[in-house]
Amino acid sequence: MKNCYIHSAVSISTQNTFETKGFLTEIVEHSTKKIEAIHPNYKNFISPSSLRRMATGVKMGVAASSKALEIANLPQPEAIITGTGMGCIEDTEKFLNSIIANKEKFLTPTSFIQSTHNTVAAQIALGLKCKVYNNTYVHGGLSFESALLDAHMHIIQDEAKNVLVGGVDELGNEFIDHVMMMENNTENGLKVPFGEGASFFVLSSDKFENCIKIKAIETISSASKEGLILRLKLFLSQNNIGPKTIDAFVTGQNGDGFDTYYDKASTLFPETLNLHYKHLSGEFYTASSFGLFIATQVLKHQTVPKSLINQGEFTKPIKTVLLYNQFKGRDHSFILLERQ
Amino acid sequence: MPNTELNKIKTPRVAITGMGIISAIGNSVESNKKALFASENGIGNITLINTIHLDAIKVGEVKLSNEALISALQLSENNNFSRTALLGLFAAKAAVKNSGIKDISAYKTGLISATTVGGMDKTELYLKQFESNPKIQKYIASHHAGDSTQKIADALGIIDFVTTISTACSSATNAIMLGARFIKSGKLDRVIVGGTDALSKFTINGFKTLMIQSEELCKPFDANRNGLNLGEAAAYLVLESEQIAIKENKPILAYVSGYANANDAFHQTASSHNGEGAFLAMDKALQNASLLPRDINYINAHGTATPNNDLSESVAIKRIFEDKVPDFSSTKAFTGHTLAAAGAVEAVFSVLALQEQVVFPNINFETEIPETGLKPVTELKRNQIQNVLSNSFGFGGNCSTLILSKA
C-alpha cells in the first residue's frame, strides 16, 4: 500500500483564493443569499473558441484544474476524477427552457451537449488530450468525497501515481431559486448563502518535505447522531488517532437545524480548535472541496485566519486536521489530513 | 499474462450473486431472457411522454406506468420518486432478492448507482410550476442525480458507502467497475451496482438535435444504420467477494474478471475515427483480467446504431482482435439505448450469455459496414462461452469495458 499526498490545492471560490498568494488575508463580505464565485480572467487558461461554449462550472473546473496541474508540475495526470452535485445546471436550464419556450422546435445541440454531468472531466481530458481513467461522481453532498475516495484508492493501491481530483458546482439561474424558496420555507433553514466554486487537487504517491498526507477518508450514507459518534470514534481508532491528536476540527456548519450533528461530533474534541468555512464559501453540494482547500492551506501556512475560527484559539503548530461534513443530516464524510 | 491459478489466489475474485432488471423487453430477468431468446424487441411508439416527436421516433419504453411501479413498490401516496428512482428501486430490490440476501447489514454492503437524467422527468414537467404549486414542490428535492440512489439505499437499508456515477452512456459500467475495485480492495464485502435512467423529453430532444435518433427500428452495425432508439431501464447486480459467496453457500452466477476506463479525448460527443478510447478500454480490461484477445468468446458491443459509434467501435474491435474477431452483437435493438443503465442492462445480458452458453442476436442487421466488413451474430447461437467482453461508451469520450467470466 502506498501513501497519498496532496501536491497542489487550488480553489476558485466566492473568496479571493485563486489569484492570490495570501491565505484569506482579506475576507469578501457577502450580503446576498446567493453568491457568485470571484472569477479569474479565464482567457489565461482556456482558448477563446472553447471559452465561448463553456458555462460557469466548466470554466471554473478547467481553470482550477489547469492551475493545480501547473503547481504540481504535472503535465498529464494518470486519472481525472470530478464530483459535482448539480452538474451543468446552467446548460441544463438553457436547454430545458428552449424546449419549453419553443415547444420542442428549433433546438440547437450545444447546451444539450454541455449539460451532461461529466462535461468538466471531459473538457479537462480533451484540453490535455489525456486518455487516462476519467470519472464523475454526482451524489449530492458526497459528490466530491466520492471522487476523493476513488482518487485516494487509485494512489494507495498503486493504480495511479498521481491523480487530478476536484469538486465543482455552479449556481445556475433558475433551479437554485426554487431550492432557496424551499429552504426559506423550512424551519431551521440555512443561515449561510448559497454559493458556487471549483476546488481541484493533485494527489500523488510521492512524498516531499512538509507535504500533506490524506491519511483516510470515509463516507456514510445515513446515521443517527449517536450512530455517527460511534462511527467517528471507530474511524479515529482505526487510524490509531486519539481525539487529542487532532489539532483542528473543520466542520461544514451552515447554520441549519442539522448543525446539531457537528455540535455532537465536536464534543469528542473539547480542547481542539474548531473551524468552519461555509459562511465564506456559501453552501453547495461540493462546498466540502473548499473545506479541504482551506484545511490544506492551514496546514501549509501554519496560520489560521480569524474568520475560520468557530471556537478555540490557534496556539500550537497544526499537524493533524479532521474534516467532517454532512448535508441535511445525511451523506456524512470524514477526511483525515496529516502534515509530514 | 495468462490466467493462471496463481493469479487467482492473489486477489479475491468478484462474484456476481444476484441480478435484477426492468427494461423494454420485460420486468424481470426471466422475461428479458425470454425476449432475447425469442428475438422479440421492445421498441415502439412512445406512450408515456407527451412530445411532438411522437411519430418521428421509436423508443424502448418500460411497459409499467409510474402508478403501477408505485403500487408494486408499495410507496406512500405523497412520495417524491422520479421515474428514474421508481425503475431503479424496482430492479435493485429484484437483484437483492435474487441474491438471497436476508440481512443486508450482515456484511459491509455498499450501493453504487448510475444515472444521467436523475429527476429530469419531473423537472421538465414542473419547472414553471414549482414556484406556484405547493403540491409538486416535493420534486425540487428529487431533481439531483444522487436522489434516486439515496432512495434505493434507504429502501434497502444500505447505510455505509453509497454513491452515484454519471459519465453519460458508460455510467453503469463505471459503477460496476468501482464496485469490483471495492470488493478487491476489501473495503466492501458486498456491493449492489448498476444504473437507472427513465426516458425524458430532455434526452429525446437532445438526441433529436444531434440527429442521431432513428425513425425506424435501429440497426446496430448495419451499413445503412441511421441512428439509435432511446430506451429506459434499470439493472443492478450484486457483487460479493468470492469467499463470502462460498461461505454463504450461494450460487455464483458469473465473475467480474476485468474492467477498464479510458478517455477518447477527441470530441465532446463524437468518437474518434480510430476508436482510440474504445481500443484503450478493451486493451486495459484484457490486461486487468490477465486474458488475451483469443480468450474472449463473445463481445456484447456498445453498438448504438449511430453511424459514428458503430464504425469507431468496429475499428477498435479490429485493432484488438485483428482477423480473429469473436462472435459479437449489440442488444440495443431489443431495449433501445438506455443511457446510464445500458452498461448494467448489458452486464445482465452478458451473465445470461455465460449461464445459457448462447450469443444473443444482433437483430435488424442486414448489410456489413463496408469499411470494416464485420458481421455480427444475427441468430441466437449456442457456443461455449468462457469470457464475455462488454463495451459502454459515452459523451465526453468516456469509454469503459467489462469482462465477465463463467462461474
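Residues numbered from 1 in each chain as written. Chains lettered and ligands numbered in written order. Predicted model: local features only at pLDDT ≥ 70, side-chain atom pairs only at ≥ 80, totals over all residues. Heavy atoms only, no water.

Peer 1: I keep staring at unusual backbone geometry and nothing clicks. Help me out?
Peer 2: Residues and elements named next belong to chain A. For L24, which is not glycine, the phi dihedral falls at a positive 50°. One can find L24 in the loop between β1 (5-12) and α1 (48-53). Relative accessible area serves as the criterion here: at 6%, L24 is assigned to the buried category. The phi dihedral of K129 falls on the positive side, at around 50°, and the residue is not glycine. (Helix = DSSP H or I, 4+ residues; strand = E, 2+ residues; numbered from the N terminus. Buried < 20%, exposed > 50% of the residue type's maximum accessible area, 1.4 Å probe, protein only.)

Peer 1: Can you walk me through the nonpolar core in this structure?
Peer 2: Most often, soluble globular proteins keep nonpolar side chains buried together rather than apart. In this structure, L203(A), L308(A), L337(A), L237(B), L239(B) and V256(B) are the most contacted members of the largest nonpolar core, which totals 101 residues. Looking at this core, the element that brings in the most residues is helix α13 (residues 342-356) of chain B, giving 9 residues. Those residues in contact with L237(B), other than ones at most four positions away along the chain, are I16(B), G18(B), M19(B), I176(B), V191(B), I192(B), V193(B), A344(B), A347(B), V348(B) and V351(B). In terms of nonpolar packing, the next biggest core, distinct from the first, is built from 35 residues, I99(A), L107(A), Y126(B) and L127(B) among them. (Core = buried A, V, L, I, M, F, W, Y, C linked by side-chain atoms within 4.5 Å. Contact = heavy atoms within 4.5 Å.)

Peer 1: Sorry if this is basic, but what is going on with the domain arrangement of chain A here?
Peer 2: Interface size is commonly expressed as the accessible area that is lost once the parts come together. Residue and element names in this part refer to chain A. Domain annotation for chain A reports domain 1 (5-204) and domain 2 (212-339). The centre of domain 1, based on its C-alpha atoms, is set 22 Å off from the matching centre of domain 2. Across the boundary between the two partners, domain 1 contributes 46 residues, which contact 43 residues of domain 2. Contact between domain 1 and domain 2 buries roughly 3,500 Å² in total, counting both sides, with carbon and sulfur atoms accounting for 70%. On inspection of domain 1 and its partner domain 2, the count reaches 1 salt bridge. Residues E183 and K328 are paired through a salt bridge, measuring 2.6 Å at the closest nitrogen-oxygen approach. On the surface where domain 1 and domain 2 come into contact, there are 15 residue pairs in polar contact (both at pLDDT 80 or more). Looking at which element gives the most residues to the side of domain 1 that touches domain 2, the answer is helix α6 (residues 143-156), with 6 residues. Of the residues contributing to the side of domain 1 that touches domain 2, the split by class is 20 nonpolar, 20 polar and 6 charged. (Domains from an automatic or database assignment. Buried area = accessible area lost by both parts, 1.4 Å probe. Salt bridge = Lys/Arg side-chain N within 4 Å of Asp/Glu carboxyl O. Polar contact = N/O pair within 3.5 Å; in protein donor to acceptor, adjacent residues only side chain to side chain. Nonpolar A, V, L, I, M, F, W, Y, C, P; charged D, E, K, R; others polar.)

Peer 1: Which parts of the structure should I look at to understand the pairing of strand β5 (residues 190-197) of chain B?
Peer 2: In regular strands, side chains alternate between the two faces of the sheet. Residue and element names in this part refer to chain B. Of all 8 residues in β5, 8 are buried; the element is thus mostly enclosed. Of the two faces of β5, the one holding R190, I192, G194 and T196 and the one holding V191, V193, G195 and D197 are both buried throughout. As defined by bridge partners, β5 adjoins strand β7 (residues 233-241) across 8 bridges and the pair is classed as antiparallel. Bridge assignment links V191 to a residue of β7, and that residue is L239. (Pairing = 2+ DSSP bridges.)

Peer 1: When you look at the interface of chain B and chain A in this model, what are you seeing that I'm missing?
Peer 2: Contacts between the two partners involve 64 residues from chain B, matched on the other side by 60 residues from chain A. Interface area, chain B with chain A, both sides summed: about 5,200 Å², of which 61% is carbon and sulfur. It is R181(B), F202(B) and Q268(B) that lose the most area in chain B upon contact with chain A, and together they represent 14% of the buried surface on that side. Between R181(B) and D150(A) there is a salt bridge; the shortest N-O distance is 2.8 Å.

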